[in-house]
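What follows is each chain in one-letter form.
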Amino acid sequence: MTGNAPILELDRLGKVFSADGHSVAALDDVSLAFTRGECHAIVGESGSGKTTLANLVLGLIGATSGEIRFDGATLGRSRTREQKRAIQLVQQNPLSALNPRRSVGASIRLPLDVHDLGRRSERDARVASLLQEVGLEPEHARRSPRGLSGGQRQRIAIARALACEPELLVLDEPTSALDVLVQARVLQLLQRLRQERGLTYLFITHDLAVVRAIADRVSVFQKGRLVETGPVETLFSDPKSAYTRELIGAIPVVTEAEAALRAAIRAGAPVPAGAE
Amino acid sequence: MASNTLQKPVLAIRGLRLAFGDRRHPTPVLHGISMHIRPGEKVALVGESGSGKSVTARLAMGLLQDQKRVHVSGSIFFDGIDAAKGGPEIARRRGNRVAMIFQDPTSALNPTFKIRGQFRDVLRSGDRSISNDEADLRAEAALAEVSIPDPKRALDSYAFQLSGGMNQRVMIAMALANRPQLLIADEPGTALDVTVQAQTLNLMHELTEKTGTSVLLISHNLGVVREFADRVYVIYRGRIVEHGTTAQLFNDPRHPYTRALLAAIPKISGGGLPDLPERSPEFESPLIVHEGCGEPTEAFA
(Lines give C-alpha, C1' and ligand atoms only; values in the text may rest on other atoms or scores of the structure.)
Protein backbone atom coordinates (compact mmCIF):
# COMPACT_ATOMS: atom_id res chain seq x y z
CA MET A 1 0.00 0.00 0.00
CA THR A 2 2.95 2.33 0.56
CA GLY A 3 4.68 3.76 -2.47
CA ASN A 4 1.28 4.73 -3.87
CA ALA A 5 0.77 8.25 -5.12
CA PRO A 6 -1.05 10.18 -2.40
CA ILE A 7 -4.81 10.47 -2.82
CA LEU A 8 -4.95 13.78 -0.96
CA GLU A 9 -2.24 16.43 -0.66
CA LEU A 10 -2.25 19.60 1.35
CA ASP A 11 0.32 22.07 0.06
CA ARG A 12 1.18 24.99 2.37
CA LEU A 13 -2.48 25.21 3.29
CA GLY A 14 -3.56 28.18 5.39
CA LYS A 15 -6.85 29.55 6.69
CA VAL A 16 -7.24 32.87 8.45
CA PHE A 17 -10.50 33.89 10.07
CA SER A 18 -10.92 37.59 10.67
CA ALA A 19 -13.60 39.72 12.28
CA ASP A 20 -13.59 43.27 13.72
CA GLY A 21 -9.95 43.79 12.88
CA HIS A 22 -8.85 40.65 14.72
CA SER A 23 -7.56 37.71 12.75
CA VAL A 24 -6.75 34.18 13.79
CA ALA A 25 -4.70 31.71 11.77
CA ALA A 26 -6.84 28.61 12.28
CA LEU A 27 -4.54 26.67 10.00
CA ASP A 28 -1.01 27.83 9.34
CA ASP A 29 1.12 26.65 6.42
CA VAL A 30 0.26 22.95 6.60
CA SER A 31 1.74 20.48 4.11
CA LEU A 32 0.64 16.88 4.40
CA ALA A 33 0.05 13.86 2.16
CA PHE A 34 -2.57 11.12 2.64
CA THR A 35 -1.72 7.74 1.14
CA ARG A 36 -4.48 5.79 -0.56
CA GLY A 37 -5.90 3.05 1.65
CA GLU A 38 -4.46 4.43 4.88
CA CYS A 39 -6.15 5.59 8.04
CA HIS A 40 -4.49 8.92 8.77
CA ALA A 41 -5.41 10.39 12.15
CA ILE A 42 -5.49 14.12 12.83
CA VAL A 43 -5.03 14.76 16.53
CA GLY A 44 -5.18 17.90 18.61
CA GLU A 45 -7.02 19.71 21.37
CA SER A 46 -9.75 22.26 20.87
CA GLY A 47 -8.52 25.15 18.77
CA SER A 48 -5.82 23.07 17.09
CA GLY A 49 -7.37 23.50 13.64
CA LYS A 50 -8.51 19.93 13.05
CA THR A 51 -12.09 20.87 12.21
CA THR A 52 -10.91 23.72 9.97
CA LEU A 53 -8.78 21.17 8.13
CA ALA A 54 -11.81 18.92 7.64
CA ASN A 55 -13.96 21.80 6.42
CA LEU A 56 -11.31 22.80 3.88
CA VAL A 57 -10.96 19.26 2.57
CA LEU A 58 -14.74 18.98 2.28
CA GLY A 59 -14.93 22.32 0.47
CA LEU A 60 -17.24 23.85 3.09
CA ILE A 61 -14.87 26.80 3.44
CA GLY A 62 -12.20 28.18 1.13
CA ALA A 63 -8.47 28.34 1.91
CA THR A 64 -6.70 31.66 2.49
CA SER A 65 -3.48 30.33 1.02
CA GLY A 66 -2.03 27.13 -0.36
CA GLU A 67 -3.60 24.31 -2.28
CA ILE A 68 -5.51 21.04 -1.85
CA ARG A 69 -4.97 18.33 -4.46
CA PHE A 70 -7.15 15.24 -4.77
CA ASP A 71 -6.02 12.51 -7.13
CA GLY A 72 -3.55 15.01 -8.58
CA ALA A 73 -6.19 17.63 -9.43
CA THR A 74 -6.51 20.92 -7.58
CA LEU A 75 -9.63 21.16 -5.40
CA GLY A 76 -11.15 24.59 -5.04
CA ARG A 77 -14.37 25.63 -3.41
CA SER A 78 -16.42 24.99 -6.51
CA ARG A 79 -16.22 21.30 -7.20
CA THR A 80 -17.54 18.93 -9.77
CA ARG A 81 -20.25 16.50 -8.76
CA GLU A 82 -17.71 13.74 -9.11
CA GLN A 83 -15.26 15.48 -6.74
CA LYS A 84 -18.02 16.01 -4.19
CA ARG A 85 -19.05 12.38 -4.37
CA ALA A 86 -15.51 11.11 -3.79
CA ILE A 87 -15.13 12.79 -0.37
CA GLN A 88 -17.77 12.07 2.26
CA LEU A 89 -18.21 12.99 5.91
CA VAL A 90 -19.22 11.12 9.08
CA GLN A 91 -19.84 13.43 12.02
CA GLN A 92 -19.54 13.07 15.78
CA ASN A 93 -23.20 13.22 16.72
CA PRO A 94 -25.28 10.99 14.47
CA LEU A 95 -28.56 12.25 15.90
CA SER A 96 -28.00 15.78 14.66
CA ALA A 97 -26.44 14.49 11.43
CA LEU A 98 -29.59 12.54 10.50
CA ASN A 99 -32.89 14.22 9.66
CA PRO A 100 -35.29 13.02 12.38
CA ARG A 101 -38.30 13.45 10.07
CA ARG A 102 -36.90 11.24 7.39
CA SER A 103 -36.82 7.44 7.62
CA VAL A 104 -33.45 5.73 7.80
CA GLY A 105 -33.99 4.36 4.30
CA ALA A 106 -34.81 7.78 2.85
CA SER A 107 -31.68 9.27 4.44
CA ILE A 108 -29.45 6.63 2.87
CA ARG A 109 -31.24 6.84 -0.48
CA LEU A 110 -30.94 10.60 -0.82
CA PRO A 111 -27.27 10.64 -1.94
CA LEU A 112 -28.10 7.90 -4.50
CA ASP A 113 -30.78 10.17 -5.98
CA VAL A 114 -28.66 13.34 -5.79
CA HIS A 115 -25.71 11.74 -7.55
CA ASP A 116 -27.96 9.62 -9.77
CA LEU A 117 -26.14 6.42 -8.86
CA GLY A 118 -27.47 3.12 -10.18
CA ARG A 119 -30.88 2.48 -11.66
CA ARG A 120 -33.85 4.06 -9.91
CA SER A 121 -35.58 0.70 -9.52
CA GLU A 122 -32.54 -0.81 -7.86
CA ARG A 123 -31.91 1.93 -5.32
CA ASP A 124 -34.08 0.47 -2.54
CA ALA A 125 -32.22 -2.81 -2.85
CA ARG A 126 -28.98 -0.83 -2.68
CA VAL A 127 -30.15 0.79 0.57
CA ALA A 128 -30.89 -2.66 2.00
CA SER A 129 -27.48 -3.99 1.10
CA LEU A 130 -25.76 -0.90 2.58
CA LEU A 131 -27.65 -1.46 5.84
CA GLN A 132 -26.41 -5.04 5.91
CA GLU A 133 -22.89 -3.93 5.13
CA VAL A 134 -22.83 -1.81 8.30
CA GLY A 135 -24.30 -4.60 10.43
CA LEU A 136 -27.97 -3.58 10.44
CA GLU A 137 -31.08 -5.24 8.97
CA PRO A 138 -32.90 -4.16 5.78
CA GLU A 139 -35.98 -3.63 8.01
CA HIS A 140 -34.21 -0.67 9.66
CA ALA A 141 -34.90 1.32 6.48
CA ARG A 142 -38.47 1.98 7.62
CA ARG A 143 -37.50 3.16 11.10
CA SER A 144 -36.92 6.70 12.32
CA PRO A 145 -33.42 7.51 13.64
CA ARG A 146 -35.07 8.71 16.85
CA GLY A 147 -36.01 5.22 17.91
CA LEU A 148 -32.51 3.80 17.46
CA SER A 149 -29.46 3.62 19.73
CA GLY A 150 -26.39 5.84 19.31
CA GLY A 151 -24.38 3.00 17.82
CA GLN A 152 -27.12 2.13 15.33
CA ARG A 153 -27.43 5.77 14.30
CA GLN A 154 -23.70 6.05 13.69
CA ARG A 155 -23.86 2.91 11.55
CA ILE A 156 -26.60 4.61 9.50
CA ALA A 157 -24.49 7.75 9.06
CA ILE A 158 -21.67 5.51 7.82
CA ALA A 159 -24.01 3.69 5.41
CA ARG A 160 -25.18 7.03 4.02
CA ALA A 161 -21.59 8.16 3.48
CA LEU A 162 -20.82 4.85 1.72
CA ALA A 163 -23.84 5.18 -0.56
CA CYS A 164 -21.86 7.63 -2.71
CA GLU A 165 -19.06 5.11 -3.23
CA PRO A 166 -16.52 7.58 -1.82
CA GLU A 167 -12.77 7.21 -1.97
CA LEU A 168 -11.99 9.35 1.07
CA LEU A 169 -14.00 9.43 4.29
CA VAL A 170 -13.58 12.37 6.64
CA LEU A 171 -14.44 10.94 10.07
CA ASP A 172 -14.87 13.76 12.59
CA GLU A 173 -14.73 12.21 16.09
CA PRO A 174 -17.00 9.37 14.89
CA THR A 175 -16.98 7.45 18.17
CA SER A 176 -16.47 10.14 20.83
CA ALA A 177 -20.16 10.28 21.70
CA LEU A 178 -20.50 6.50 22.02
CA ASP A 179 -20.12 4.18 25.03
CA VAL A 180 -16.91 2.12 25.05
CA LEU A 181 -18.50 -1.20 24.09
CA VAL A 182 -20.34 0.47 21.21
CA GLN A 183 -17.23 2.41 20.23
CA ALA A 184 -15.24 -0.83 19.93
CA ARG A 185 -17.84 -2.28 17.55
CA VAL A 186 -18.02 0.84 15.39
CA LEU A 187 -14.21 1.06 15.17
CA GLN A 188 -14.13 -2.58 14.09
CA LEU A 189 -16.74 -1.85 11.44
CA LEU A 190 -14.72 1.10 10.13
CA GLN A 191 -11.59 -1.05 10.03
CA ARG A 192 -13.39 -3.77 8.05
CA LEU A 193 -14.97 -1.33 5.59
CA ARG A 194 -11.62 0.29 4.89
CA GLN A 195 -10.06 -3.05 4.04
CA GLU A 196 -13.00 -4.30 1.96
CA ARG A 197 -13.48 -1.10 0.00
CA GLY A 198 -9.92 0.21 -0.11
CA LEU A 199 -11.06 3.46 1.51
CA THR A 200 -8.80 6.23 2.77
CA TYR A 201 -9.67 7.75 6.15
CA LEU A 202 -8.99 11.22 7.44
CA PHE A 203 -9.77 10.41 11.06
CA ILE A 204 -10.15 13.40 13.36
CA THR A 205 -9.99 12.65 17.07
CA HIS A 206 -8.72 13.92 20.39
CA ASP A 207 -8.34 10.36 21.73
CA LEU A 208 -4.81 9.04 21.24
CA ALA A 209 -5.77 5.55 22.42
CA VAL A 210 -8.29 5.34 19.56
CA VAL A 211 -5.53 6.53 17.22
CA ARG A 212 -3.32 3.68 18.41
CA ALA A 213 -6.10 1.17 17.77
CA ILE A 214 -7.13 2.26 14.28
CA ALA A 215 -4.61 4.56 12.54
CA ASP A 216 -1.60 3.87 10.31
CA ARG A 217 -0.28 7.41 10.38
CA VAL A 218 -0.91 10.29 12.71
CA SER A 219 -0.44 14.05 12.51
CA VAL A 220 -0.51 16.14 15.67
CA PHE A 221 -1.80 19.72 15.49
CA GLN A 222 -1.45 22.54 17.97
CA LYS A 223 -2.92 26.02 17.45
CA GLY A 224 -3.19 25.56 13.68
CA ARG A 225 0.29 24.21 13.18
CA LEU A 226 1.40 20.71 12.36
CA VAL A 227 3.79 19.77 15.16
CA GLU A 228 4.49 16.13 14.36
CA THR A 229 3.60 13.55 11.72
CA GLY A 230 4.63 9.94 11.25
CA PRO A 231 3.68 6.26 11.54
CA VAL A 232 1.54 5.54 14.58
CA GLU A 233 4.12 3.17 16.13
CA THR A 234 6.79 5.88 16.06
CA LEU A 235 4.53 8.41 17.72
CA PHE A 236 4.02 6.11 20.70
CA SER A 237 7.58 4.74 20.88
CA ASP A 238 9.50 7.97 20.33
CA PRO A 239 7.37 11.11 20.15
CA LYS A 240 9.48 13.98 18.89
CA SER A 241 7.66 17.08 20.08
CA ALA A 242 7.18 18.17 23.66
CA TYR A 243 3.51 18.79 22.91
CA THR A 244 2.94 15.19 21.81
CA ARG A 245 4.62 14.00 25.00
CA GLU A 246 2.37 16.28 27.01
CA LEU A 247 -0.73 14.92 25.25
CA ILE A 248 0.22 11.28 25.78
CA GLY A 249 1.29 12.06 29.34
CA ALA A 250 -2.18 13.38 30.18
CA ILE A 251 -4.17 10.34 29.01
CA PRO A 252 -5.93 8.46 31.82
CA VAL A 253 -5.01 4.79 31.38
CA VAL A 254 -6.40 1.47 32.63
CA THR A 255 -3.52 -1.04 32.55
CA GLU A 256 -0.03 -1.32 34.04
CA ALA A 257 1.46 -1.63 30.55
CA GLU A 258 -0.11 1.67 29.52
CA ALA A 259 0.98 3.35 32.75
CA ALA A 260 4.60 2.21 32.13
CA LEU A 261 4.53 3.49 28.55
CA ARG A 262 3.11 6.80 29.66
CA ALA A 263 5.68 7.15 32.44
CA ALA A 264 8.51 6.57 29.95
CA ILE A 265 7.09 9.16 27.57
CA ARG A 266 6.60 11.67 30.39
CA ALA A 267 10.24 11.13 31.39
CA GLY A 268 11.27 11.82 27.80
CA ALA A 269 12.86 8.42 27.20
CA PRO A 270 12.32 6.54 23.94
CA VAL A 271 10.33 3.38 24.52
CA PRO A 272 12.18 0.25 23.35
CA ALA A 273 10.39 -1.62 20.59
CA GLY A 274 8.30 -4.51 21.88
CA ALA A 275 8.10 -3.02 25.36
CA GLU A 276 4.34 -3.31 25.37
CA MET B 1 -7.38 7.55 52.32
CA ALA B 2 -9.43 4.36 52.29
CA SER B 3 -9.71 1.56 54.85
CA ASN B 4 -10.52 3.74 57.85
CA THR B 5 -13.28 1.22 58.37
CA LEU B 6 -13.93 2.31 61.94
CA GLN B 7 -15.25 5.72 61.03
CA LYS B 8 -18.93 6.14 60.27
CA PRO B 9 -19.64 6.62 56.57
CA VAL B 10 -20.26 10.16 55.36
CA LEU B 11 -22.75 8.85 52.82
CA ALA B 12 -24.59 5.55 52.95
CA ILE B 13 -27.10 4.57 50.28
CA ARG B 14 -29.37 1.61 51.07
CA GLY B 15 -31.58 -0.23 48.58
CA LEU B 16 -32.14 2.89 46.51
CA ARG B 17 -34.82 2.50 43.86
CA LEU B 18 -35.91 5.06 41.32
CA ALA B 19 -38.57 4.97 38.62
CA PHE B 20 -39.88 7.59 36.23
CA GLY B 21 -43.38 7.88 34.82
CA ASP B 22 -46.93 7.42 36.15
CA ARG B 23 -47.60 5.06 39.03
CA ARG B 24 -49.26 2.34 36.98
CA HIS B 25 -46.53 2.11 34.32
CA PRO B 26 -43.32 3.32 35.89
CA THR B 27 -40.01 2.87 34.09
CA PRO B 28 -37.50 1.55 36.61
CA VAL B 29 -34.10 3.25 36.48
CA LEU B 30 -32.40 2.11 39.70
CA HIS B 31 -33.15 -1.39 40.98
CA GLY B 32 -32.06 -1.06 44.62
CA ILE B 33 -28.45 0.06 44.81
CA SER B 34 -26.34 0.29 47.96
CA MET B 35 -23.05 2.09 48.42
CA HIS B 36 -21.12 4.04 51.03
CA ILE B 37 -18.31 6.57 51.35
CA ARG B 38 -16.19 7.00 54.49
CA PRO B 39 -14.57 10.26 55.62
CA GLY B 40 -11.80 11.38 53.28
CA GLU B 41 -12.47 8.56 50.82
CA LYS B 42 -12.68 8.98 47.06
CA VAL B 43 -15.26 6.61 45.65
CA ALA B 44 -16.17 6.24 41.99
CA LEU B 45 -19.46 5.16 40.46
CA VAL B 46 -18.64 4.12 36.92
CA GLY B 47 -20.97 3.08 34.12
CA GLU B 48 -22.14 3.79 30.59
CA SER B 49 -24.84 6.22 29.53
CA GLY B 50 -28.24 5.28 30.91
CA SER B 51 -26.77 3.11 33.68
CA GLY B 52 -28.18 5.36 36.42
CA LYS B 53 -24.97 6.93 37.70
CA SER B 54 -25.98 10.56 37.26
CA VAL B 55 -29.47 10.11 38.73
CA THR B 56 -27.83 8.55 41.80
CA ALA B 57 -25.75 11.71 42.22
CA ARG B 58 -28.82 13.90 41.73
CA LEU B 59 -30.78 11.92 44.32
CA ALA B 60 -27.91 12.27 46.80
CA MET B 61 -28.07 16.03 46.28
CA GLY B 62 -31.86 15.98 46.66
CA LEU B 63 -32.29 17.41 43.17
CA LEU B 64 -34.75 14.88 41.72
CA GLN B 65 -37.10 13.97 44.54
CA ASP B 66 -39.38 16.97 44.35
CA GLN B 67 -40.10 16.62 40.65
CA LYS B 68 -43.28 15.10 39.27
CA ARG B 69 -43.41 11.50 38.06
CA VAL B 70 -40.35 10.56 40.08
CA HIS B 71 -40.71 7.60 42.46
CA VAL B 72 -37.99 7.00 45.02
CA SER B 73 -37.64 4.35 47.72
CA GLY B 74 -34.75 3.22 49.91
CA SER B 75 -32.57 5.59 51.89
CA ILE B 76 -29.63 7.95 51.54
CA PHE B 77 -28.05 8.67 54.93
CA PHE B 78 -26.09 11.89 54.89
CA ASP B 79 -25.22 14.33 57.69
CA GLY B 80 -27.87 12.95 60.05
CA ILE B 81 -30.76 13.01 57.60
CA ASP B 82 -32.33 10.74 55.01
CA ALA B 83 -31.76 12.60 51.76
CA ALA B 84 -33.87 10.13 49.80
CA LYS B 85 -36.97 11.95 51.07
CA GLY B 86 -35.81 15.20 49.47
CA GLY B 87 -37.30 18.42 50.82
CA PRO B 88 -35.80 21.35 52.79
CA GLU B 89 -33.44 19.28 54.98
CA ILE B 90 -31.18 18.27 52.10
CA ALA B 91 -31.76 21.57 50.26
CA ARG B 92 -30.31 23.43 53.26
CA ARG B 93 -27.15 21.30 53.05
CA ARG B 94 -26.53 21.86 49.36
CA GLY B 95 -23.60 24.14 48.63
CA ASN B 96 -22.15 23.87 52.12
CA ARG B 97 -22.36 20.30 53.55
CA VAL B 98 -22.49 18.69 50.10
CA ALA B 99 -21.33 20.33 46.88
CA MET B 100 -21.33 19.32 43.26
CA ILE B 101 -19.08 19.83 40.23
CA PHE B 102 -20.59 19.35 36.80
CA GLN B 103 -19.31 18.16 33.44
CA ASP B 104 -19.41 21.47 31.62
CA PRO B 105 -18.27 24.23 34.00
CA THR B 106 -19.14 27.07 31.64
CA SER B 107 -22.82 26.15 31.44
CA ALA B 108 -22.95 25.31 35.17
CA LEU B 109 -22.10 28.91 36.06
CA ASN B 110 -24.74 31.62 35.66
CA PRO B 111 -23.94 33.70 32.54
CA THR B 112 -25.83 36.77 33.77
CA PHE B 113 -23.87 37.34 36.98
CA LYS B 114 -20.18 37.96 37.49
CA ILE B 115 -18.19 35.30 39.35
CA ARG B 116 -18.01 37.66 42.36
CA GLY B 117 -21.75 37.59 42.99
CA GLN B 118 -22.01 33.86 42.53
CA PHE B 119 -19.13 33.29 44.91
CA ARG B 120 -20.77 35.53 47.54
CA ASP B 121 -23.96 33.47 47.28
CA VAL B 122 -22.02 30.26 47.83
CA LEU B 123 -20.19 31.61 50.88
CA ARG B 124 -23.43 33.02 52.26
CA SER B 125 -25.08 29.60 52.10
CA GLY B 126 -22.41 28.48 54.58
CA ASP B 127 -22.39 31.61 56.72
CA ARG B 128 -25.40 33.94 56.51
CA SER B 129 -23.75 36.78 58.38
CA ILE B 130 -20.69 37.07 56.14
CA SER B 131 -20.08 40.61 54.82
CA ASN B 132 -19.39 41.34 51.15
CA ASP B 133 -15.82 42.41 51.88
CA GLU B 134 -15.13 39.31 53.91
CA ALA B 135 -16.70 37.11 51.23
CA ASP B 136 -14.57 38.73 48.52
CA LEU B 137 -11.41 38.18 50.55
CA ARG B 138 -12.25 34.53 51.04
CA ALA B 139 -13.16 34.15 47.37
CA GLU B 140 -9.84 35.66 46.30
CA ALA B 141 -7.95 33.31 48.59
CA ALA B 142 -9.95 30.34 47.28
CA LEU B 143 -9.25 31.27 43.65
CA ALA B 144 -5.55 31.73 44.40
CA GLU B 145 -5.57 28.24 45.91
CA VAL B 146 -6.73 26.76 42.58
CA SER B 147 -3.89 28.63 40.81
CA ILE B 148 -5.97 31.30 39.12
CA PRO B 149 -3.34 33.90 38.22
CA ASP B 150 -5.35 37.08 38.84
CA PRO B 151 -8.20 36.29 41.29
CA LYS B 152 -9.52 39.87 41.39
CA ARG B 153 -9.92 39.94 37.62
CA ALA B 154 -11.57 36.51 37.61
CA LEU B 155 -14.09 37.72 40.21
CA ASP B 156 -15.00 40.65 37.95
CA SER B 157 -15.50 38.39 34.93
CA TYR B 158 -18.52 36.57 33.56
CA ALA B 159 -18.16 32.82 33.04
CA PHE B 160 -18.20 33.22 29.25
CA GLN B 161 -15.16 35.50 29.45
CA LEU B 162 -13.04 32.75 31.02
CA SER B 163 -11.72 29.58 29.40
CA GLY B 164 -13.22 26.16 30.17
CA GLY B 165 -10.20 25.28 32.29
CA MET B 166 -10.52 28.53 34.29
CA ASN B 167 -14.24 27.98 34.85
CA GLN B 168 -13.51 24.45 36.04
CA ARG B 169 -11.09 25.91 38.61
CA VAL B 170 -13.70 28.46 39.68
CA MET B 171 -16.24 25.63 40.10
CA ILE B 172 -13.82 23.60 42.23
CA ALA B 173 -12.97 26.64 44.36
CA MET B 174 -16.68 27.39 44.89
CA ALA B 175 -17.56 23.78 45.62
CA LEU B 176 -14.90 23.50 48.31
CA ALA B 177 -15.25 27.04 49.70
CA ASN B 178 -17.50 25.94 52.57
CA ARG B 179 -15.42 22.83 53.30
CA PRO B 180 -18.21 20.36 52.51
CA GLN B 181 -18.16 16.85 53.96
CA LEU B 182 -18.91 15.46 50.54
CA LEU B 183 -18.10 16.58 47.02
CA ILE B 184 -20.02 15.01 44.16
CA ALA B 185 -18.16 15.34 40.86
CA ASP B 186 -20.24 14.35 37.82
CA GLU B 187 -17.87 13.68 34.89
CA PRO B 188 -15.52 16.50 35.89
CA GLY B 189 -13.59 17.80 32.91
CA THR B 190 -15.14 15.44 30.36
CA ALA B 191 -16.05 18.42 28.19
CA LEU B 192 -12.48 19.73 28.36
CA ASP B 193 -9.22 18.82 26.63
CA VAL B 194 -7.19 15.95 28.10
CA THR B 195 -4.42 18.16 29.44
CA VAL B 196 -6.96 20.41 31.17
CA GLN B 197 -8.88 17.38 32.43
CA ALA B 198 -5.68 16.00 33.97
CA GLN B 199 -5.05 19.34 35.71
CA THR B 200 -8.63 19.36 36.98
CA LEU B 201 -8.30 15.89 38.51
CA ASN B 202 -4.94 16.74 40.11
CA LEU B 203 -6.39 19.88 41.60
CA MET B 204 -9.46 18.06 42.96
CA HIS B 205 -7.20 15.41 44.43
CA GLU B 206 -4.88 17.90 46.10
CA LEU B 207 -7.60 20.06 47.61
CA THR B 208 -9.84 17.28 48.88
CA GLU B 209 -6.82 15.65 50.54
CA LYS B 210 -6.11 18.96 52.25
CA THR B 211 -9.68 19.55 53.44
CA GLY B 212 -10.45 15.89 54.17
CA THR B 213 -13.51 16.10 51.93
CA SER B 214 -14.98 12.79 50.72
CA VAL B 215 -15.61 12.52 46.99
CA LEU B 216 -18.19 10.68 44.95
CA LEU B 217 -16.85 10.61 41.39
CA ILE B 218 -19.39 9.87 38.67
CA SER B 219 -17.69 8.85 35.43
CA HIS B 220 -17.91 6.73 32.31
CA ASN B 221 -14.14 6.89 31.90
CA LEU B 222 -12.37 3.97 33.59
CA GLY B 223 -9.01 5.67 33.07
CA VAL B 224 -10.13 8.69 35.08
CA VAL B 225 -11.50 6.38 37.77
CA ARG B 226 -8.23 4.46 38.03
CA GLU B 227 -6.26 7.69 38.39
CA PHE B 228 -8.50 9.26 40.99
CA ALA B 229 -10.52 6.85 43.13
CA ASP B 230 -9.69 4.69 46.17
CA ARG B 231 -12.70 2.44 45.70
CA VAL B 232 -15.02 1.72 42.77
CA TYR B 233 -18.62 0.67 42.17
CA VAL B 234 -19.44 -0.46 38.63
CA ILE B 235 -23.08 0.14 37.66
CA TYR B 236 -24.90 -1.49 34.74
CA ARG B 237 -28.53 -0.77 33.86
CA GLY B 238 -29.50 0.36 37.34
CA ARG B 239 -27.66 -2.33 39.32
CA ILE B 240 -24.24 -2.35 40.98
CA VAL B 241 -22.40 -5.30 39.39
CA GLU B 242 -18.93 -5.07 40.96
CA HIS B 243 -17.44 -3.35 43.99
CA GLY B 244 -13.79 -3.31 45.04
CA THR B 245 -10.79 -1.15 45.74
CA THR B 246 -9.30 0.46 42.64
CA ALA B 247 -6.38 -2.00 42.71
CA GLN B 248 -8.69 -5.02 43.09
CA LEU B 249 -10.98 -3.92 40.31
CA PHE B 250 -8.34 -3.06 37.75
CA ASN B 251 -5.90 -5.88 38.52
CA ASP B 252 -8.52 -8.56 39.01
CA PRO B 253 -11.83 -7.61 37.34
CA ARG B 254 -14.30 -10.44 38.00
CA HIS B 255 -17.67 -9.43 36.64
CA PRO B 256 -18.24 -10.14 32.93
CA TYR B 257 -19.40 -6.56 32.39
CA THR B 258 -16.34 -4.98 34.05
CA ARG B 259 -14.09 -7.32 32.08
CA ALA B 260 -15.81 -6.39 28.82
CA LEU B 261 -15.49 -2.67 29.56
CA LEU B 262 -11.79 -2.96 30.36
CA ALA B 263 -11.15 -5.05 27.26
CA ALA B 264 -13.10 -2.69 24.97
CA ILE B 265 -11.14 0.44 25.87
CA PRO B 266 -8.47 1.20 23.27
CA LYS B 267 -5.02 1.16 24.89
CA ILE B 268 -2.11 3.50 24.16
CA SER B 269 0.12 0.44 24.48
CA GLY B 270 -1.63 -1.07 21.43
CA GLY B 271 -3.25 -4.48 21.10
CA GLY B 272 -6.03 -3.83 18.58
CA LEU B 273 -9.76 -4.13 19.15
CA PRO B 274 -11.42 -7.09 20.88
CA ASP B 275 -14.47 -8.86 19.49
CA LEU B 276 -17.10 -8.12 22.12
CA PRO B 277 -20.87 -7.82 22.10
CA GLU B 278 -22.46 -4.44 22.91
CA ARG B 279 -24.89 -6.28 25.18
CA SER B 280 -24.97 -9.70 26.77
CA PRO B 281 -27.14 -11.51 29.35
CA GLU B 282 -23.84 -12.23 31.14
CA PHE B 283 -23.51 -8.53 31.91
CA GLU B 284 -26.58 -8.89 34.16
CA SER B 285 -25.03 -11.57 36.39
CA PRO B 286 -25.13 -10.89 40.16
CA LEU B 287 -23.06 -8.41 42.13
CA ILE B 288 -19.44 -9.34 42.86
CA VAL B 289 -17.90 -7.78 45.98
CA HIS B 290 -14.14 -7.95 46.48
CA GLU B 291 -12.54 -8.89 49.84
CA GLY B 292 -12.99 -6.34 52.60
CA CYS B 293 -15.37 -4.19 50.58
CA GLY B 294 -18.89 -5.08 51.77
CA GLU B 295 -21.50 -2.55 52.80
CA PRO B 296 -21.18 -1.55 56.48
CA THR B 297 -23.84 -2.97 58.80
CA GLU B 298 -23.61 -0.51 61.67
CA ALA B 299 -26.54 1.78 62.40
CA PHE B 300 -26.71 5.14 60.68
CA ALA B 301 -28.34 8.49 61.15
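Residues numbered from 1 in each chain as written. Chains lettered and ligands numbered in written order. Predicted model: local features only at pLDDT ≥ 70, side-chain atom pairs only at ≥ 80, totals over all residues.

This paragraph deals with the overall build of chain B. When you go through chain B residue by residue, the secondary structure sums to 11 helices and 11 strands. Its C-alpha atoms give chain B principal-axis dimensions of about 60 × 45 × 40 Å. Put simply, chain B has 301 residues, and 45% of those count as buried. (Helix = DSSP H or I, 4+ residues; strand = E, 2+ residues; numbered from the N terminus. Buried ≥ 20, exposed ≤ 12 C-beta atoms within 10 Å, placed from the backbone.)

Bringing helix H4 (residues 115-126) of chain B into the picture now. All names here are of chain B. Over its 12 residues, H4 extends 17 Å from the first C-alpha to the last, a length consistent with the 16 Å expected when each residue adds 1.5 Å. Looking at H4, one finds that the buried residues are Ile115, Phe119, Arg120, Val122 and Leu123. Projection of H4 onto a plane perpendicular to its axis shows the buried side chains occupying an angular sector of 165 degrees, all on one side. Contacts from the buried residues of H4 go to helix H5 (132-145), helix H6 (151-155) and helix H7 (164-176). (Expected span 1.5 Å × (residues − 1). Arc of directions from axis to C-beta. Contact = placed C-beta atoms within 7 Å.)

Our next topic: the sheet that holds strand S4 (residues 70-78) of chain B. Pairing is antiparallel across the open sheet formed by 4 strands, whose spatial order is S2-S1-S4-S5 (chain B). In the strand order of this sheet, the two ends are held by strand S2 (27-37) and strand S5 (81-82) of chain B, each with one partner. (Pairing = 2+ DSSP bridges.)

Before going further, it helps to spend a moment on the environment of Ala25 of chain A. All names here are of chain A. Position of Ala25 among the secondary structure elements: in strand S2 (residues 22-35). Linking Ala25 and Lys223, residues 198 residues apart in sequence, is a C-alpha distance of 8.2 Å. When near neighbours in sequence (up to four residues on either side) are disregarded, Ala25 contacts Gly14, Val16 and Gly224.

Counting from both sides, the interface comprises 32 residues of chain A and, opposite them, 29 residues of chain B. Elements supplying a minimum of two residues to the side of chain A that touches chain B: helix H7 (180-197), helix H8 (208-214), helix H10 (242-249) and helix H11 (256-267) of chain A. Sorting elements by how many residues they give to the side of chain A that touches chain B places H7 of chain A first, with 7 residues. Taken together, the residues that form the side of chain A that touches chain B break down as 19 nonpolar, 5 polar and 8 charged. (Nonpolar A, V, L, I, M, F, W, Y, C, P; charged D, E, K, R; others polar.)

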